[in-house]
Amino acid sequence: MKWLVVSLLSAIALAVLGTTPPRSAPASAPEGEFSAARAMTDVERISRAPHPSGSAEHAALRGYLMQRLGALGLTVRTQERQFPDDARAALNRHGGTKAEQIPLTNVLGLLRGTEPNLPAVALMAHYDSVWGSPAAADDGAGVASILETLRALSLDRDRRRDVLVIFTDGEEAGLNGARMFFAEAQEARRIGAIVNLEARGGGGKANLFQTSASNGDVARLWARTAPHPAGTSLATFIYSVLPNDTDLTVALPQGYSAWNFAFIGRPGLYHSPMATAANLDRGSLQQMGEQTLGLARALVKAPDLPRRAPDIVFFDVFGLFVVHYAPGWGWAMLAVAFVGYGALATRRLDLPDMARGVAGILALAVLAGGLLWGLNMISGAAGPVNYYDRLAAIPRLQFVAFCASVAMAVMVAGRRPTSISGEVGMVVPVWIAAALFQAFAPTAAYVLTVPLLLGGGVALMRILLPENAARLAAAIVAALVTGYALLLGFALMQAVGPALPMVCVLPLLMAVPVLVPLRQPLAPGTVRATAGVLLILALGVALWVRWDAPAASIPTYEQVRSLGVKG
């Protein structure tokens with residue numbers, strides 16, 4: 001049992017490491033590096049007041065941005081027209097105004113390189129806010145990251161490529177500025193690569209969550225240049241099937257090499273009147289900016305830009321480095337797992353116990369998924385919901401999902417299996433699920449194939465090595481896999497948890513098979529008591545979310561439910 005405790009404590013430490021942004025660099029950081037402290041000067045100016053399109057504050061901010069770009073040595077111009085009728089109506093509705101026309105104005109800047117005939121590198125963020133929000137994160141952080149990146153790039157005298165800055169207007173009203181730029185601006189034809197910056201919240205890891213298609217070279221360049229990388233091919237796969245858009249959505253059909261970064265932590269601050277500079281996570285700003293600067297610096301000096309290449313699997317390992325490989329290696333990982341677990345099972349083959357192991361992991365998936373769905377309904381998802389109120393509840397919903405998942409794991413795997421055949425039986429459905437994942441979504445399958453590879457390797461060690469050495473290897477693998485499972489569950493709940501907490505079944509399928517060999521079977525009373533306490537906690541917090549008053553962070557243009565009661 002001591003190995004289990006050590007593994008769990010190590011896993012928690014790794015998960016904290018993997019979900020925490022880097023420290024903010026001070027204003028005294030070397031001039032060639034990105035400094036969140038320096039960028040915060042721009043964030044504070046940008047977010048001094050809400051600045052929706054068409055407002056006086058928006059016009060004042062535009063003037064400030066043009067002045068800042070000019071001071072950095074860029075040639076600056078605007079691109080102008082009027083908002084279309086549908087977007088104008090939406091802006092009027094949100095702002096309580098009746099403007100007959102609202103100007104749509106992009107701010108464009110050009111930092112010259114030594115070889116202007118080469119395709120340019122574009123940095124893009126939107127400078128409009130929603131009504132009522134200072135927008136320090138969405139998208140003040142993106143705009144400020146670009147300004148600080150430009151300051152550092154302007155010091156490089158060996159820039160080959162031009163850098164084009166696109167501060168779009170009207171993103172919050174339907175991507176109107178991006179549509180205007182990519183349809184009409186002559187600069188759009190000069191772009192070879194583009195980096196877009198966004199936010200849905202006020203902190204957390206700044207992740208690479210979207211790339212251009214055929215992203216092999218694109219992802220490898222990011223992996224080489226990011227000081228504190230955050231991003232996975234699982235995230236890019238999930239985002240590709242979600243109905244979400246950013247300004248980059250408009251650009252991607254043009255065939256540019258592209259990267260899209262955003263942070264989604266502190267989710268209650270999304271579009272919120274509380275999205276102030278004081279509430280912005282400086283570490284998130286640092287991570288967004290340093291990844292942008294690393295990419296931009298590599299791109300402007302490169303003789304050739306990344307080209308379309310077969311998609312690859314990629315993921316950061318707790319923010320320390322990036323692992324990437326061709327998707328086909330997933331089949332090799334499954335083969336190693338099959339051999340390792342198969343060899344272990346044949347030592348003491350017990351088919352009834354193996355069948356019980358198969359049934360146990362299937363029961364865990366079904367029961368955990370059903371419980372997570374039920375608790376989510378109890379928390380208020382069953383009735384009319386306010387999207388932003390549910391975002392604000394994500395930290396509590398994460399706690400509910402964690403308690404429910406652990407309770408189900410204890411109930412299903414706390415006592416059985418007690419044999420090697422039973423342990424291997426628990427792996428069989430996971431292996432089948434991984435094979436299906438590998439066949440239909442190979443760039444996302446690593447979340448199961450890599451744990452199976454490591455677990456299969458440990459299975460072989462249990463045959464070939466002394467018991468103590470094998471248990472040490474099992475403990476290390478359990479810590480790594482469980483740490484990543486905790487990190488993944490945390491991220492999935494941030495992304496889609498208010499609607500689909502059942503996604504936490506995936507981290508369970510990763511962690512339970514590698515933890516079971518380390519635990520001592522628990523007494524029935526201990527299992528019931530542990531699971532009962534966790535379920536009571538989960539239920540209590542779910543009811544708290546349901547009955548709590550609407551969050552103070554809800555955007556001002558959202559209607560708060562009558563009487564301040566949810567559910």
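Turning our eyes to something else, we now look at the environment of Val512. Within the element layout of this structure, Val512 appears in helix α18 (residues 505–515). Take Val512: its relative accessible area is 6%, and that puts it in the buried class. Sequence-wise, Val512 and Arg347 are 165 residues apart; in three dimensions their C-alpha atoms are separated by 22 Å. With residues near it in sequence (within four places) discarded, Val512 still touches Ile361, Leu364, Ala409, Ala413 and Met426.

Looking now at the sheet that holds strand β4 (residues 163–168). The strand order β1-β2-β4-β3-β5-β7-β6 describes an open sheet built from 7 strands, whose pairing is mixed. Of all strands in the sheet, those with a lone pairing partner are β1 (75–82) and β6 (203–211), marking the two edges. Sheet twist, expressed as the mean angle between neighbouring strand axes with direction ignored, is 20°.

Formed by 75 residues in total, the largest nonpolar core has its most connected members in Phe315, Tyr446, Val447, Leu448, Leu452, Met510 and Val512. With 11 residues, the single largest contributor to this core is helix α17 (residues 467–496). Setting aside chain neighbours within four positions, we find Leu452 in contact with Leu334, Ala337, Tyr341, Val427, Val430, Trp431 and Ala434. Among the nonpolar cores identified, the runner-up in size contains 59 residues, and Ala36, Leu153, Ala206 and Leu305 belong to it.

Looking now at the packing of aromatic side chains. Scanning all chains against the criterion turns up 11 aromatic pairs. Seen in terms of ring centroids, Phe209 and Tyr239 are 4.8 Å apart; in terms of plane orientation they differ by 75°. Their pairing is edge-to-face. With a gap of 30 residues between them, Phe209 in strand β6 and Tyr239 in helix α8 (residues 233–241) connect regions that are remote in the sequence. By relative accessible area, which is 13% here, Phe209 ends up buried. Residue classification places Tyr239 among the buried residues on the basis of a relative accessible area of 12%.

What follows covers the pairing of strand β5 (residues 191–199). Summarising burial for β5: 9 of the 9 residues are buried, a large majority. As judged from the 5 bridges shared by strand β3 (residues 120–126) and β5, these two strands associate in the parallel manner. The residue bridging Met124 from the neighbouring strand is Asn196, located in β5. In the sheet, β5 pairs with strand β7 (residues 257–265) via 7 bridges, with the strands oriented parallel.

Let us look at the environment of Arg282. Here Arg282 shows up in helix α10 (residues 282–301). For Arg282, a relative accessible area of 29% translates into the label partly exposed. Separated by 79 residues in the primary sequence, Arg282 and Gly203 place their C-alpha atoms 7.8 Å from one another. In this structure Arg282 touches Ser24, Ala36, Met40, Glu44 and Ala277, once residues within four positions along its chain are discounted. From its side chain, Arg282 meets the backbone oxygen of Ala277 in a polar contact 2.8 Å long.

A few words on the confidence of the model for the chain. Per-residue pLDDT for the chain has a mean of 95; in total, 98% of the residues score no lower than 70. Scored below 50 in pLDDT, residues 559–567 makes 19 contacts in the model with residues more than four places away or belonging to other chains.

For helix α3 (residues 56–71), built from 16 residues, the straight-helix expectation of 22 Å at 1.5 Å per residue is met to within 8% by its first-to-last C-alpha distance of 23 Å. Following α3 by one or two positions, Gly73 adopts a phi angle in the positive range, close to 95°.

The next point concerns a nonpolar patch on the surface. Together, Met1, Val5, Leu9, Ile12 and Val16 line one region of the surface with nonpolar side chains, adding up to about 440 Å² of accessible area. Within the fold, Val5 resides in helix α1 (residues 2–19). The class for Val5 is partly exposed, based on a relative accessible area of 44%.

Attention now moves to unusual backbone geometry. A cis amide bond links Asp138 with the next residue in sequence, Asp139, at an omega value of 15°. Its location among the elements puts Asp139 in helix α5 (residues 136–153). Here Arg416 and Pro417 are connected by a cis peptide whose omega angle stands at 5°. By the secondary structure assignment, Pro417 is in the loop between α14 (394–413) and α15 (420–440). In this structure, Arg266 takes a positive phi of about 45° despite not being glycine. Taking the relative accessible area as the measure of exposure, Arg266 reaches 42% and is therefore partly exposed.

Now for the pattern of salt bridges. Going through the model one piece at a time under the given rule, you end up with 18 salt bridges. A salt bridge links Arg297 to Asp156, with the nearest nitrogen and oxygen atoms 2.9 Å apart. In this pair, Arg297 sits in helix α10 while Asp156 sits in the loop between α5 and β4, placing the two residues 141 residues apart along the sequence. Using a relative accessible area of 22% as the deciding quantity, one classes Arg297 as partly exposed.

With respect to the helices and strands, the residue Ala87 is situated in helix α4 (residues 85–95). Relative accessible area serves as the criterion here: at 3%, Ala87 is assigned to the buried category. Considered as a pair, Ala87 and Pro103 are 16 residues apart in the sequence and their alpha carbons are 11 Å apart. When near neighbours in sequence (up to four residues on either side) are disregarded, Ala87 contacts Ala173 and Asn176.

Taken N-terminus to C-terminus, the directions of helix α2 (residues 36–46) and α3 make an angle of 155°; their axes are 10 Å apart at the nearest point. By the angle between their axes, α2 is roughly antiparallel relative to α3. Listed contacts from α3 to Asp42, Arg45 and Ile46 of α2 are Glu57, Ala60, Leu61, Tyr64 and Arg68.

We now examine the state of the cysteines. Using the criterion set out here, one finds 0 disulfides in the structure. Of all cysteine sulfurs, the one in Cys403 lies closest to Cys504, which takes part in no disulfide; the gap is 12 Å. Judged by relative accessible area, which is 7%, Cys504 ranks as buried.

Before going further, it helps to spend a moment on the side chain of Thr105. Position of Thr105 relative to the elements: it lies in strand β2 (residues 103–111). The exposure class assigned to Thr105 is buried, which follows from its relative accessible area of 4%. Contact partners of Thr105, with chain neighbours within four places excluded, come to Arg62, Thr78, Gln79, Glu80, Tyr127 and Asp169.

Calculation notes
Residues numbered from 1 in each chain as written. Predicted model: local features only at pLDDT ≥ 70, side-chain atom pairs only at ≥ 80, totals over all residues. Heavy atoms only, no water. Helix = DSSP H or I, 4+ residues; strand = E, 2+ residues; numbered from the N terminus. Buried < 20%, exposed > 50% of the residue type's maximum accessible area, 1.4 Å probe, protein only. Contact = heavy atoms within 4.5 Å. Pairing = 2+ DSSP bridges. Axes fitted to C-alpha atoms, helices over the stretch in contact; angles between N-to-C directions. Core = buried A, V, L, I, M, F, W, Y, C linked by side-chain atoms within 4.5 Å. Phe/Tyr/Trp six-rings, centres within 6.5 Å; stacked < 30°, edge-to-face > 60°. Polar contact = N/O pair within 3.5 Å; in protein donor to acceptor, adjacent residues only side chain to side chain. pLDDT = per-residue confidence, 0-100. Expected span 1.5 Å × (residues − 1). Patch = residues over 30% accessible without salt bridge, like charges linked within 9 Å, V, L, I, M, F, W, Y side chains within 5 Å. Areas by Shrake-Rupley, 256 points an atom, 1.4 Å probe, with all protein chains shown as cover. Salt bridge = Lys/Arg side-chain N within 4 Å of Asp/Glu carboxyl O. Parallel < 35°, antiparallel > 145°, perpendicular 65-115°, else oblique. Disulfide = S-S within 2.5 Å.

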